[in-house]
Structures are given as structure tokens and as C-alpha cells.
Amino acid sequence: LSAELLSGLGKLDPAEDHAEYDKKYVHTDVLVVGGGPAGLAAAREAVRSGARVILIDDVASAIVAGAVSPTVQGEPMDIGSGEFQTIGTAAKLIAQHYNAPAPHVTGQYRQGDVRHAWADITAAKDVLGWTPQYNLAQGIDRLATWIDAQPDVQPA
């Protein structure tokens, strides 16, 4: 690779970069916005054909609602299921999807653990008229199904 328009900066290193960064630029062949049956089917077929696919689901409708709303003035809004859920519940749902043993939860606190957090979507409902289309169980099932369809994802 050469940097032709970057005068004086030389050649780009062709070796794979294994460093970890807080941001990532992702290049895709197909961007599927909306994960209904047609969106999921399109994503699955594109992946099977070898395309790099990014699937944007439930949150996409909230982003669009915020972008086109004349009443939003840049205030932050939580976007999520609006249901109180636990990591334990999410772990159980993932284990069930993969027919894996139930997770072992010790209940012991570790420094930095978040004990209670959830998305209060009241503002999104009131200001944007937005409500989630999927609950936690549906979201995990849809995500796991999509991950399973990726050709380069190997089972752990």
C-alpha cells in the first residue's frame, strides 16, 4: 500500500494491526437498516454470499425519530427495552439459546460492578413517540441467530 496523497509520510504498513482502540471504522458491503423478517433475510443472504454486512435493528428507528423530530433539542434520551433486566437474565437467555449449562451467579460484588441500571425510555416515548419493538429475550434470540449465520464465527 502506498500513501500517494499524504506527501512525506511514506508507505503504509501492510501488516495486520492487533492493537485495541476506543473507536473503529467499519467498512461494509451491505448495510441493512431494520431487522424485520425481510431485513434479517437480506442480511443472512448477503453474509452467505461473502459480503461484509452491518445490521442495524431496533435502535435505528429511535435514531431516525430523534433526527427528524422538531422538538428534540439535543437532550440525551435512553433507548432500550424499558424493562428492568439483570445480567443474570441475559446470561440465562443466551445459555438457553445455545443449549448451554445455566450460568453460575455468585452474587459477590466486585469493584466496579454496576449493581442496578436500566434504560428509562420515558423521554423517548413522550418526546419521540418511540417504543421498542423487541424485548430482551427477542433481542438476544435475534442477535444470536444473526451471529450464528456469520461464516467466520467459530463456536467457543
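Here's what I pulled together on the structure shown here. Because the structure is predicted, anything quoted here is derived from the model rather than measured.

Secondary structure assignment for the protein chain yields five helices and two strands. Start at the N end of the protein chain and walk to the C end: the helices and strands fall as β-α-β-α-α-α-α. When burial is assessed residue by residue, the protein chain has 17% of its 156 residues classed as buried. By sequence separation, contacts in the protein chain at least 24 residues apart represent 64% of the contacts at least 6 residues apart. A total accessible area of about 12,100 Å² is found for the protein chain, and carbon and sulfur atoms account for 57% of it.

The backbone phi angle of asparagine 99 is positive, close to 50°, even though this residue is not glycine. With respect to the helices, strands and loops of the structure, asparagine 99 is situated in the loop between helix H3 (87-97) and helix H4 (122-128). Of the residues examined, asparagine 99 reaches a relative accessible area of 74% and is grouped as exposed.

Right, let's talk about the packing of H3 against helix H5 (residues 136-148) for a bit. It is the contact of H3 with H5, at a shortest axis distance of 10 Å, that shows an interaxial angle of 45°. Taken as axis vectors, H3 and H5 run oblique relative to one another. Where H3 crosses over H5, the two elements pack in a sense that is right-handed. Within the contact between the two elements, H3 uses Thr89, Ala90, Leu93, Ile94 and His97 and H5 uses Leu136, Ala137, Ile140, Asp141, Ala144, Thr145 and Asp148. Each residue belonging to the contact of H3 with H5 can be placed in one class, and the counts come to seven nonpolar, three polar and two charged.

Conventions we followed
- Residues numbered from 1 in each chain as written.
- Predicted model: local features only at pLDDT ≥ 70, side-chain atom pairs only at ≥ 80, totals over all residues.
- Heavy atoms only, no water.
- Helix = DSSP H or I, 4+ residues; strand = E, 2+ residues; numbered from the N terminus.
- Buried < 20%, exposed > 50% of the residue type's maximum accessible area, 1.4 Å probe, protein only.
- Contact = heavy atoms within 4.5 Å.
- Areas by Shrake-Rupley, 256 points an atom, 1.4 Å probe, with all protein chains shown as cover.
- Axes fitted to C-alpha atoms, helices over the stretch in contact; angles between N-to-C directions.
- Parallel < 35°, antiparallel > 145°, perpendicular 65-115°, else oblique.
- Left-handed = near helix turned anticlockwise from the far one by under 90°.
- Nonpolar A, V, L, I, M, F, W, Y, C, P; charged D, E, K, R; others polar.

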